[in-house]
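Here is how the chains run, residue by residue.
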Amino acid sequence: MRAVLLHEFGPPAQLRIADVPTPEPAAGEVAVQVAAAGIQFLETQVRAGTMRGVLGGAPLPVILGKEIAGVVTEVGPGGDPGLIGTRVLASTTGLGGYAETAVVPADSLVPVHDGVELPEAVALYRYGVTAQGLVRAARVTSGDRVLVLAAAGAVGTILVQLLKRAGATVVAAARGERKLALLGELQADHVVDYSLPHWTARVRDALGGPVDVVYDHVGGALGRAAFELLTPGVGRQITFGFSSGTPLEVRPMELLGRSLTLTGFSAGSLWSRPELARDLATEVLELAAAGQIRPVVGQRFPLERAADAHAAIEARDTVGKTLLIP
């Protein structure tokens, strides 16, 4: 089968297509013919070598890829043959997704409704679970004024839609007209380009005042500027990454002095509870099948262009989810 191998840590060009043996499932596993594999920002950092510890010591070359959608083609010894032919979402154990066939734990499978195409299901999968968890973490209720940074990304596009369903007033912040136009299509109440001067003033003007909730996947100066927008007494900022490369810095006395809440959020807290994660993923798929939220696949690359896909993500030149299509 064809797969994308990471031969050495470094630039995207280290990802190269190759023919490798087709993996066979062991007990408790199934083989999936991959229709689409999602690319995570974390995987670009692993490839670059800045997060190589994620590999757990696995020697190079490796096949990256954690999230896939496809059709079950084989079950391991003692497995349920009734699974063969089913359309599923699944997670690898961390490696193997950038390939024509991937082996995954059988207990990771999430059935995909006929009303949702497999590539679109990937766009809703792990980041849909993350977005659901983020809404819960901030206890968002109707009437809350919410600012979402990096709103045109894979998490942000789903988060904006879920927040609107919760009754929040949403300011979606991103960079560039293309991304702002997309966020308008997703029914954000206001869109702001945070690459422009005085962007925080634009947020205040749009809302007529401060912000109740900030979702921050950027950190650094942008995350800090958003923190300054929070409403004293009720404001809460959820930080779930720092794509800028610099974490958000807030001193404890700043929280005390303004009675604010700062919450760190990791999707791992959801995936460590597999039943909860599957339930959240199923909820998002059902919303999509009913036409109540829209999956956003911004970019699709064939396997042989995996390097281009990584480069586009690192250049912040993507919207929604980026997929590899075998």
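Residues numbered from 1 in each chain as written. Predicted model: local features only at pLDDT ≥ 70, side-chain atom pairs only at ≥ 80, totals over all residues. Heavy atoms only, no water.

- For the chain, an unreviewed UniProt entry supplies the name NADPH2:quinone reductase and the organism Amycolatopsis viridis.

**Let's talk about helix H3 (residues 126–137)**
Part 1: For H3, with twelve residues, the first-to-last C-alpha span of 16 Å sits near the 16 Å given by 1.5 Å per residue.
Part 2: Counted residue by residue, H3 has ten buried out of twelve residues, so it is predominantly covered.
Part 3: Once H3 ends, the next one or two residues include Arg139, with phi positive near 55°. (Helix = DSSP H or I, 4+ residues; strand = E, 2+ residues; numbered from the N terminus. Expected span 1.5 Å × (residues − 1). Buried < 20%, exposed > 50% of the residue type's maximum accessible area, 1.4 Å probe, protein only.)

**Thoughts on the sheet that holds strand S13 (residues 261–264)**
Part 1: Ordered by their spatial adjacency, six strands build an open sheet running S10-S9-S8-S11-S12-S13, and the pairing between neighbours is parallel. Each end of this open sheet is capped by a strand with a single partner; those strands are strand S10 (190–193) and S13. Taken over all neighbouring pairs, the strand axes of this sheet differ in orientation by 15° on average, direction set aside.
Part 2: Judged from the four bridges that link them, strand S11 (residues 213–216) and strand S12 (residues 236–239) form a sheet pairing that is parallel. Bridge pairing in S12 links Tyr215 to Ile238.
Part 3: Along the sheet face, helix H6 (residues 199–207) touches strand S8 (145–148), strand S9 (169–174) and S10 and points at about 170° away from the line of S10. (Pairing = 2+ DSSP bridges. Axes fitted to C-alpha atoms, helices over the stretch in contact; angles between N-to-C directions. Contact = heavy atoms within 4.5 Å.)

**Digging into the pattern of salt bridges**
Part 1: Per the counting criterion, the structure on display carries 15 salt bridges.
Part 2: For Glu100, the salt bridge is made with Arg2, and the minimal N-O distance between the two is 3.2 Å. Residue Glu100 is found in the loop between strand S5 (87–91) and strand S6 (101–105), and its partner Arg2 is found in strand S1 (residues 2–6); the two are separated by 98 residues along the sequence.
Part 3: By relative accessible area, which is 27% here, Glu100 ends up partly exposed.
Part 4: When the shortest N-O distance is used, the salt bridge between Arg47 and Glu314 registers 2.9 Å. You can see Arg47 sitting in helix H1 (residues 41–48) and its partner Glu314 sitting in helix H11 (residues 306–314), a full 267 residues away along the chain.
Part 5: Taking relative accessible area as the criterion, Arg47 reaches 2% and is therefore assigned buried.
Part 6: On the basis of relative accessible area, Glu314 is assigned to the partly exposed category, the value being 31%.
Part 7: Bridged by salt links that share partners, the residues Arg224, Glu228, Arg251, Glu254 and Arg258 form one connected network. (Salt bridge = Lys/Arg side-chain N within 4 Å of Asp/Glu carboxyl O.)

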